[in-house]
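Listed below are the residues making up each chain.
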Amino acid sequence: MENKVTLSVVVLSYNNEQYLVDCLSSIERQGIDSYEVFIIDDSSTDNSVEVIKEYIKDKPQFNLIVKPNSGGAISSQIGIAKANGKYLALVDSDDIVADGAYKKLIERIEQDGSDFAAGMYMKLTNAFMNTFSTAKNENDIYVEDKVLTHEEVLNKFTYQACYWNLLFKTSFIKENEIEMPANLLIADRIFVYKATMRAKKISVLSDVVYFWRKKKNEDKASLTDQTAEYHMISDRCDSFQSQIKLSM
């Protein structure tokens, strides 16, 4: 059956009240008429739910689901299961999608016949709202527009562990049962790696499609910045072991 909705966006929300309006409004600036947004809130302890309700009250495309606190991986599973669109994107609620990014990614998927498309992302610093590029090994992927075939995919995409600068065919994700493992905090690596293993073609854009907020001077560091804590070291080891098993 043909999809009536072009794009489904799943927003993973937890304690980002001050950034939510920037995030949600950026999704509205994609130049796509037919879309739906599922905001999965992981029982935020700040005012996130109130901010979301106020923002979406006159926006029928936006849907809020508040679930018991159980982590972003399960939030993503819930959102993906709800998705009705032909294409699927995952967004963190403190980040910003570049204007028109999804339209560009969809055009490339349709042009190339790819399973998903990836675009360049930039880090956004909190204090000065400056952008600076990603690490060199990640930048090398995005130096020019290209199409990766299965033979090239693993070498080119080894360092790509983020889901939010990607746009997928929803059928590709669901038919291959690609999801984030619920037992891992660093679950995005496995999600992207499994998608890469299953893909026959990946479109790559050199355009910036996403701004990832790198938080500074806050009481609680993000998961990405918690590099020394024992539980995060253990979780990263488990994530890498899972990735090795997939590659074997």
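Up top you'll find the structure we're talking about.
All values derive from a computational prediction rather than experimental measurement.

**Q** Describe the overall build of the chain, with residues and values.
**A** Looking only at helices and strands, one finds nine helices and ten strands in the chain. Residue pairs in contact within the chain that sit at least 24 positions apart in sequence constitute 79% of those at least 6 positions apart. When the accessible surface of the chain is totalled, it reaches about 12,200 Å², and 49% of it is carbon and sulfur.

**Q** With reference to specific residues and values, describe the pattern of salt bridges.
**A** Two side chains bearing opposite charge may form a pair once their charged atoms approach each other closely. All chains considered together, the criterion is met by seven salt bridges. Across the salt bridge formed by Arg29 and Asp99, the nearest N and O atoms sit 2.9 Å from each other. Of this pair, Arg29 sits in the loop between α1 (20–28) and β2 (35–41) while Asp99 sits in the loop between β5 (96–97) and α4 (101–112); the two residues are 70 residues apart in sequence, bridging distant segments of the chain. Exposure remark for Arg29: the relative accessible area of 38% places this residue in the partly exposed category. Using a relative accessible area of 53% as the deciding quantity, one classes Asp99 as exposed.

**Q** With reference to specific residues and values, describe the packing of aromatic side chains.
**A** By the definition in use, this model includes nine aromatic pairs. Judged by centre distance (6.1 Å) and plane angle (35°), the ring pair of Phe116 and Phe172 falls under tilted. Remark: Phe172 occurs in helix α7 (residues 170–175) and Phe116 occurs in strand β6 (residues 116–125); sequence separation between them is 56 residues. Grouping residues by exposure puts Phe116 and Phe172 together as buried. Centroid distance Tyr121 to Trp164: 4.7 Å. Interplanar angle 90°. Geometry classified as edge-to-face. Highlighted residues: Tyr121 in strand β6 and Trp164 in the loop between α6 (150–156) and β9 (166–169), separated in sequence by 43 residues.

**Q** If you had to explain the nonpolar core to someone new, which residues and values would you point to?
**A** Counting 66 residues, the largest nonpolar core has Val11, Tyr102, Phe116, Phe157, Leu167 and Phe191 as its most contacted members. Other than its neighbours up to four places away in sequence, Phe191 contacts Ile80, Leu90, Tyr163, Phe168, Ile173, Ile178, Glu179 and Met180.

**Q** Any chance you could break down the packing of α1 against helix α2 (residues 48–56) for me, citing the residues and the numbers?
**A** At a closest axis distance of 10 Å, the pairing of α1 and α2 adopts a crossing angle of 35°. The element α1 and its partner α2 pack so that their crossing is right-handed. Contacts between α1 and α2 involve Leu20, Val21, Leu24, Ser25 and Glu28 on the former and, on the latter, Ser48, Val51, Ile52 and Tyr55. Taken together, the residues of the contact of α1 with α2 sort by class into six nonpolar, two polar and one charged.

**Q** Go over the pairing of strand β1 (residues 7–13) with me, naming the residues and quoting the values.
**A** Extensive coverage of β1 is indicated by the burial of seven of its seven residues. Burial of the side chains of β1 extends over both faces: Leu7, Val9, Val11 and Ser13 are buried on one face and Ser8, Val10 and Leu12 on the other. As paired strands, β1 and β2 are joined by seven bridges and run parallel to one another. Bridge assignment links Ser8 to a residue of β2, and that residue is Glu36.

**Q** Outline unusual backbone geometry, supporting the account with residue identities and numerical values.
**A** Backbone geometry at Asn15 places phi at a positive 55°, although glycine is not the residue there. Along the chain, Asn15 falls in the loop between β1 and α1. Of note, Ser43 is a non-glycine position whose phi angle comes to about 55°, a positive value. Its location among the elements puts Ser43 in the loop between β2 and α2.

What counts as what
Residues numbered from 1 in each chain as written. Predicted model: local features only at pLDDT ≥ 70, side-chain atom pairs only at ≥ 80, totals over all residues. Heavy atoms only, no water. Helix = DSSP H or I, 4+ residues; strand = E, 2+ residues; numbered from the N terminus. Contact = heavy atoms within 4.5 Å. Areas by Shrake-Rupley, 256 points an atom, 1.4 Å probe, with all protein chains shown as cover. Salt bridge = Lys/Arg side-chain N within 4 Å of Asp/Glu carboxyl O. Buried < 20%, exposed > 50% of the residue type's maximum accessible area, 1.4 Å probe, protein only. Phe/Tyr/Trp six-rings, centres within 6.5 Å; stacked < 30°, edge-to-face > 60°. Core = buried A, V, L, I, M, F, W, Y, C linked by side-chain atoms within 4.5 Å. Axes fitted to C-alpha atoms, helices over the stretch in contact; angles between N-to-C directions. Left-handed = near helix turned anticlockwise from the far one by under 90°. Nonpolar A, V, L, I, M, F, W, Y, C, P; charged D, E, K, R; others polar. Pairing = 2+ DSSP bridges.

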